[in-house]
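Overview (structure and organization)
Spelled out, the chains give:
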Amino acid sequence: MVGESTIKWNPFAPDYFNDPYPIYTLSRQSNPIQKDQFGNIILFKYRDVAPILDSPDFEVSSLSSYFESKKDYIFQNTAQCPFLAKTTSKWLMYLNGDIHRKLRIAIGKILFSYDFDRLIQEAVQDCISHFEDYEELDIVDFSKYFIYHILKQFIGLKDFASLENVFEFSNMAARSQDLFVSKQMYLKMNDCFLRGKGLFAEGDFKAKLINELDGFEFEEDDYYSILAITLMAFFETSKDNLTVSLYTILSSPSLSDYVLNANKKEIKLLTEECIRYTSPLQFTIRINIKEVDIQGTLFPAGTRFILGLASANRDEEVFESPSEIKPNRTVNPHIAFGKGVHICLGALIARKEMEFGLKPMVAFLQNFNINTMQPLRWGNQIFMRTLESAMLKRN
Ligand code: HEM
């Protein structure tokens, strides 16, 4: 029954951000359907989470309407022009129905008009050359550099859009979707979104967007909103996946050997397994449009469900030894890219980044050891699991 167990998911518990998996495991075992103080229902088991993602009885919630409703609270006594709602208004993962379908087709068509095989392979070489003479290296910086160099080749960034500016923007965009965000943080985001308009150039991506969206009633700010979500979705998740994957592989001599000796098929299997294991987007949200029954409990229409993607991906009922990276796991129905109509539009690109990158990157990073004097630093984000620093030292 919902709410009877003493096991409770609490993202404010000490050490939660260092490792949220122990509480996911306990929740799956003893309290897989929880209710929080705001009435949200949190689900932890694969059998509950996965079917919701492709059920027509559930919709995504509107992030932009949420910001509209919070406007007075967030901007009370400030002169800042509110830009949170505008920036998030055309984010695909918060749109339903016809507008979602049409926009998804348009963005998908544009994304796949680029030669990502070439862009990714060039970025791998560029990244390795850039870090060649480093004595100390942060895997987070390494991954950021790599993803940024793919991104800037297609999205159209102004010259002053340095890696750090883009990273700040992307991180703020990721945080805007998180739970329990403070008013100060929303103000910081708003400021960043306002400044962010200056990052994008009138490049090829935007021209293609205008062309594909001919007939849509879109304003200039709508194009900015789409550029913003493409940048965030591309940069943030890929960077988090690559960072945690590289760190985990380098921490294990047997996994490192596996990568160095793997053929293409083995790298593909390992890529899928790394994405399951890292699950950069740990949760997502759905709202039911009619009453639903979950494991014998009825939930009225309009209930907000927080779906534990990362927890479902470690469910021992579906995955054998779920907390290990098993490089040759052949049956791997993970939901790290989601499922159903909102399934990740960039999954193919994220897979290619790993398939082209893993082997040369691990070969290069073997010249370094994990710097045990400098502990890992994790970001304090609930929805997106982010490694902020993972230091290596040359052998
Ligand atoms: C390992 C890397 C990635 C992971 C784990 C990931 C994960 C996800 C997940 C779980 C969703 C679905 C969210 C939901 O249903 O609520 C999603 C949606 C999306 N992703 Fe990714 N993503 C990754 C990389 C990328 C890349 C490289 C792009 C390229 C632009 C991208 C673009 C998108 C877009 C546009 C959506 C919204 C799709 C829609 O709502 O129709 N993602 N992603």
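Everything below is about the structure printed above this text.
Description of the structure in this document. Since the model is a prediction, treat every value here as computed from it, not as a measurement. (Residues numbered from 1 in each chain as written. Predicted model: local features only at pLDDT ≥ 70, side-chain atom pairs only at ≥ 80, totals over all residues. Heavy atoms only, no water.)

Under the defined criterion, the tally for this structure stands at 31 salt bridges. With a closest N to O distance of 4.0 Å, aspartate 141 and lysine 144 form a salt bridge. Of this pair, aspartate 141 and lysine 144 both sit in helix H8 (residues 139-154), 3 residues apart, which is roughly one turn of the helix. The partly exposed category is assigned to aspartate 141, whose relative accessible area is 35%. For lysine 144, a relative accessible area of 7% translates into the label buried. Between aspartate 204 and lysine 208 there is a salt bridge whose closest N-O contact spans 3.8 Å. Taken together, the residues span about one helical turn, with aspartate 204 and lysine 208 both in helix H11 (residues 204-212) at a distance of 4 residues. (Salt bridge = Lys/Arg side-chain N within 4 Å of Asp/Glu carboxyl O. Helix = DSSP H or I, 4+ residues; strand = E, 2+ residues; numbered from the N terminus. Buried < 20%, exposed > 50% of the residue type's maximum accessible area, 1.4 Å probe, protein only.)

With respect to the element layout, methionine 185 can be found in helix H10 (residues 183-196). On a C-alpha basis, the gap between methionine 185 and arginine 175 in space is 8.7 Å, while along the polypeptide they are 10 residues apart. Setting aside residues no more than four positions away along its own chain, methionine 185 makes contact with Met172 and Arg175. (Contact = heavy atoms within 4.5 Å.)

So, about helix H13 (residues 253-261). Within H13, burial applies to Leu255, Ser256, Tyr258 and Val259. The arc enclosing the buried residues of H13, seen along the axis, measures out at 155°, which places them on a common side. Facing away from the buried side of H13 by over 90 degrees, the exposed positions are Pro253, Ser254 and Asn261. Tucked inside the fold, the buried residues of H13 contact helix H12 (220-250), helix H14 (264-278) and helix H16 (347-365). (Arc of directions from axis to C-beta.)

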